[in-house]
Amino acid sequence: MSQGQRRLAAIMFTDIVGYTSLSQHNEALALRLLHEHRKVVRSLISRYQGNEIKTIGDAFLVDFKSALDAINCAYEIQGALHEYNSNRDAEETIKVRIGIHVGDVVHTENDVYGDAVNLASRIEAIAEPGGIAISEQVHDNIRNKVEFPLEYIGPQDLKNVDAPMGIYRVCFPWDKGISREQAVLEIVQMMQTSPKEVPYPTPMFDRESERAFLVSALDEVVGTGKFKLIFIRGEAGIGKTRLLDWITHEAQERYGVYVGRGYCLEDVSVPYFPFSEALNGLLHRGSNDQGTKRALNWLDRALRRTFAEEGEEFECYKLYENMAKLLETISRENPVLIRLEDVQWSDSASLGLLHYLARNIQNSRVLMICTYRIEELGELAPGRPHNLTETMRLMTREGLFQTIELRGLESEALTDLTGSLIPGAPKRVLQLVARESEGNPFYAIESTRFLIETGVIEKVEGAWAARMPSGQIEIPNAILDVISRRLSRLAPEDRQLLDCASVIGEHFNPKILSTALGIDELSCVQRLARLYRETWLVVEDRMGYRFDHAKVREAVYRGLTGSLAKELHRRVASAMSNVKDSSLAVEIAYHYHQSGDAAKAIEFGMVAGNQAKLMSVFIEAVSSYTLVLEAAGVDGERIELRAKAYAGRAEALHEQGLHQKAMEDCKNALSLSKEPSTRLNALRVLAGSYLGIGHFSEALEIVRQADAEPGEETLERLYLKDIEEAIIARRSGYSTTTEAVREISRAFLKLGRRKDYAYAILTVAEHEMMTKLPPDFFQVVKEASDIFEESGDLAGQQFVHAMIAEYYFTKGDVALSAENYSEAVNLNKKLGLYDGILWATWYWAMLYENAGLYNDAIRVALDGLGSATIAEAPYPESGIYATLARCYLRINSCDEANKALRRMNELYEAHSKDASAGLQGMVERARAFNLAFEGRKEDADRAYANSIDLLKRFGMWIHEAEAHREYGELLLEQKRLKEARSQFEASLILFASVENVPGAERVRNSLSRASSSGQP
Ligand SMILES: Nc1ncnc2c1ncn2[C@@H]1O[C@H](COP(=O)(O)OP(=O)(O)OP(=O)(O)O)[C@@H](O)[C@H]1O
Ligand SMILES: [Mg+2]
């Protein structure tokens, strides 16, 4: 041995599982398998220039020049054997364990000796059958150089070895749960088959209870088939992503779940971005049936926002529905994990979709986990909560999610964590780092890297040591400072690369990066790969490259001087506009804006705003128009552009129901613009907003003003006409405007606005119904419903249900009417259309009240009022209180009735300015009933007369009929028979005219009672 040569080698040890016992009971088979196995192994060893030192029975001892050769060879051996085994019976299969280690060995003529050899065989012994185990040293050598994932399995006790050794295992694509049947849904591609996972430089510490919580949530989702949404919250760097990665891995291991990964952009808010990313990872459009293919194609385009340019109408509920259906379908085959990161930066559209999914896919095996930083949830403006806060508030009321709050790691876990980076380092250094980082693992890791890079601690003869007493070691006390100090040590060209990347964002595409910098893409990627290996400042992931952490990007970006940042933004914007993808408009506008190029920022900002508006993504539309307005400044030259942006923003605000703000913008647009199209647009939105807040007179004035303005914008004029008719109808009765609305509907159709047309024809039917049931009612309903169906417009469908319900209401069919109101309320709830819930609730409650089902009416009303705090619809809300008050009086709950009346009066007084005759009539009827109840006969008489008069003016015959009947009953009780009879007669005529048979029947009964009590 003393004559041997000592050198560093990679040693591989292989062994057939269960060979000894096989050879004892079936020697022939054992020999045959041994032979096969040797053939496979030998051919691969030679391919990787391995040196077969010896075979020991069924075992091989091989040495390689590099650890990389060794592991690649081992990987291929297992791959070849896996294939060999795949079409053989169990007893014919060959399972081998492989262990690899690197270290000094001594070569003699035909053998090798040394600790490394022993260790390799010990490591081999703990490998799984068919698996590969490697030591930490091997891992250090090959990290980031292999195509397959490696998993740290922790420190392991090896036979006859003193201290435990850190061991990794190789993960194979055919590992448990991975090679599942994929026949039914070929479209789904599993994450395991996509590029390698980024291995962590540190093992996972602590978080036992959080992990247990997540695992039981996972088990529950898979076991019960019920959807779950979990938020992981905590400060930056506390370990949210890490925990999420852990459960992702666990979920793949245990259940082979499909994983969709989305993240949110920090500086710009692109509608649906995180979902688009997640979908991207979840699916690849392969060979599936035509229907699914179409749905996928649609979803994909919808999420990537490529509709606007094609003139196709975008319908966000269709997107919601399709997304829900898709997740349901996929999860029927396999459990799904959707992870959305950093939702504190989410766009509002995605939050809407998230809320919708949480409500509507309760019966799917989908686990959705979102992470967010708590420190970034401040108010967006005074009194305006963060979008995420708002969404979570709404979801809390519905009990739609659970939360994990991550706090700092215990100091022991932190010293273990840093200890794993610098094994054997002096305890006092580890403790110092732990103390300084206050439980934040990211800070601890960065500080440790900082200490290494600045040479404060170094490896001396294989052991880590500090070069100074710990009292003198200084760690910058803010995380950004630690990172900045690390950055300052980079070579200039590396720093340049990161500078530009930080302008692009946390995730960046090397293509855009290299174009922006004007460098060759290959050398760009090579430099990134090196930075990844050496510094961990950036890491490679599925989608390209990203900063290791958002804080790293922040530190780089903060380090840019103003002029450098401007120039880089300009270059990035121009590189992005070369891509010719219209969905990048928001980002391009942002970069041009940052670069100070106002003209370009305006150009792209307008595109982005119009696009978002077309997609009904109004919050984002508002921010794009705001950017345009900022970029345009108060420059005298851009007056028309600014006016357009004001008008665009006004419309987006109006759609959100922010009428006051919309009105301000309209007025700005009008004061600036001389262009008829912009002016008309602004006037129309202004009139609509006045209508929205119930100021009918002002709205009419604006309509008149618009009439007097020039401009041929047919559609705008049509909308204006529609507003005008809506006001006239509410003021002077629906029947007065029926013909006009019919005209409008035809005009919409001529313009190809099918959805507007559908709404209009239903409105016509509604108007007609007020007086007489239209004979073609169901034909109209079908036509509208088909249009809504075709465009997936659920809001339209709820309108259809409400109309059908109203039809049966008028006819007196309580069961069918209630069924449709219930359907309408449910759809509204599903869509979060809170004012719609109130409207349907009001009528539904009145239906029950008329039928004498007071308790049902109260139940329905109270349920609907649950939404009133969110809705801003005082009109139907006061109507509900009117109904509620009457029902409470009927069942003698006087206190409750008084409360309801008080609330009704409050709402009515505050918003009565221009309220419709219909609402006035209903409120007055509630007051009249209460007066009668209190025995104030004369006041009651006056109030009833007033109420009936108002209802007659409004043209709601059915309600007028009910009022007559109610009043008649009270007169009957007061023994005022003649008056009672005349009320019943008036009622009877009305019921008969709308073919309300049960109503007419009831009145006839009352009438005969009145007649019989008239004869003593
Ligand atoms: N329990 C843990 N054990 C070991 N390392 C951890 C642990 N938690 C976090 N880390 C490491 O700390 C660093 C920061 O964690 P991570 O990226 O998960 O933070 P984060 O909460 O997602 O931050 P951000 O809000 O900025 O996204 C990572 O390198 C991660 O691997
Ligand atoms: Mg994170």
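Structure shown above.
Attention in this report is confined to the structure presented alongside it. (Residues numbered from 1 in each chain as written. Chains lettered and ligands numbered in written order. Predicted model: local features only at pLDDT ≥ 70, side-chain atom pairs only at ≥ 80, totals over all residues. Heavy atoms only, no water.)

1. Considering the sheet that holds strand β18 (residues 544-547)
Overall, antiparallel pairing links the 3 strands, which are arranged β16-β18-β17 in an open sheet. Each edge of the open sheet carries a strand with a single partner, namely β16 (507-508) and β17 (538-541). Both β16 and β18 contribute to a ladder of 2 bridges, which runs antiparallel. Residue pairing for β18: His507 is matched across the bridge by Arg546. (Pairing = 2+ DSSP bridges. Helix = DSSP H or I, 4+ residues; strand = E, 2+ residues; numbered from the N terminus.)

2. Considerations on the packing of helix α39 (residues 917-933) against helix α40 (residues 937-954)
At a closest axis distance of 8 Å, the pairing of α39 and α40 adopts a crossing angle of 160°. Viewed along their axes, α39 and α40 adopt a mutual orientation that is roughly antiparallel. Read as a crossing pair, α39 and α40 show a hand that is left-handed. On the side of α39, the interface is formed by Ala917, Gly918, Gln920, Gly921, Met922, Glu924, Arg925, Ala928, Phe929, Leu931 and Ala932, while α40 contributes Asp939, Ala940, Ala943, Tyr944, Asn946, Ser947, Leu950, Leu951, Arg953 and Phe954. Partitioning the contact of α39 with α40 into residue classes produces 12 nonpolar, 5 polar and 4 charged. (Axes fitted to C-alpha atoms, helices over the stretch in contact; angles between N-to-C directions. Parallel < 35°, antiparallel > 145°, perpendicular 65-115°, else oblique. Left-handed = near helix turned anticlockwise from the far one by under 90°. Contact = heavy atoms within 4.5 Å. Nonpolar A, V, L, I, M, F, W, Y, C, P; charged D, E, K, R; others polar.)

3. Regarding the pattern of salt bridges
Applying the stated criterion to the full structure yields 66 salt bridges. Arg649 is paired through a salt bridge with Asp665; the nearest N and O atoms lie 2.6 Å apart. With Arg649 in helix α25 (residues 639-655) and Asp665 in helix α26 (residues 659-672), this residue pair connects regions lying 16 residues apart in the sequence. Assigned by exposure class, Arg649 and Asp665 land together as buried. Residues Arg976 and Glu979 are paired through a salt bridge, measuring 2.8 Å at the closest nitrogen-oxygen approach. According to the relative accessible area criterion, Arg976 is buried, its value standing at 19%. Note on Glu979: relative accessible area 36%, which makes it partly exposed. Because the salt bridges share partners, they merge into one network encompassing Glu446, Arg449, Glu453, Arg486 and Asp548. (Salt bridge = Lys/Arg side-chain N within 4 Å of Asp/Glu carboxyl O. Buried < 20%, exposed > 50% of the residue type's maximum accessible area, 1.4 Å probe, protein only.)

Scope: geometric values only; no functional claims are made or implied.
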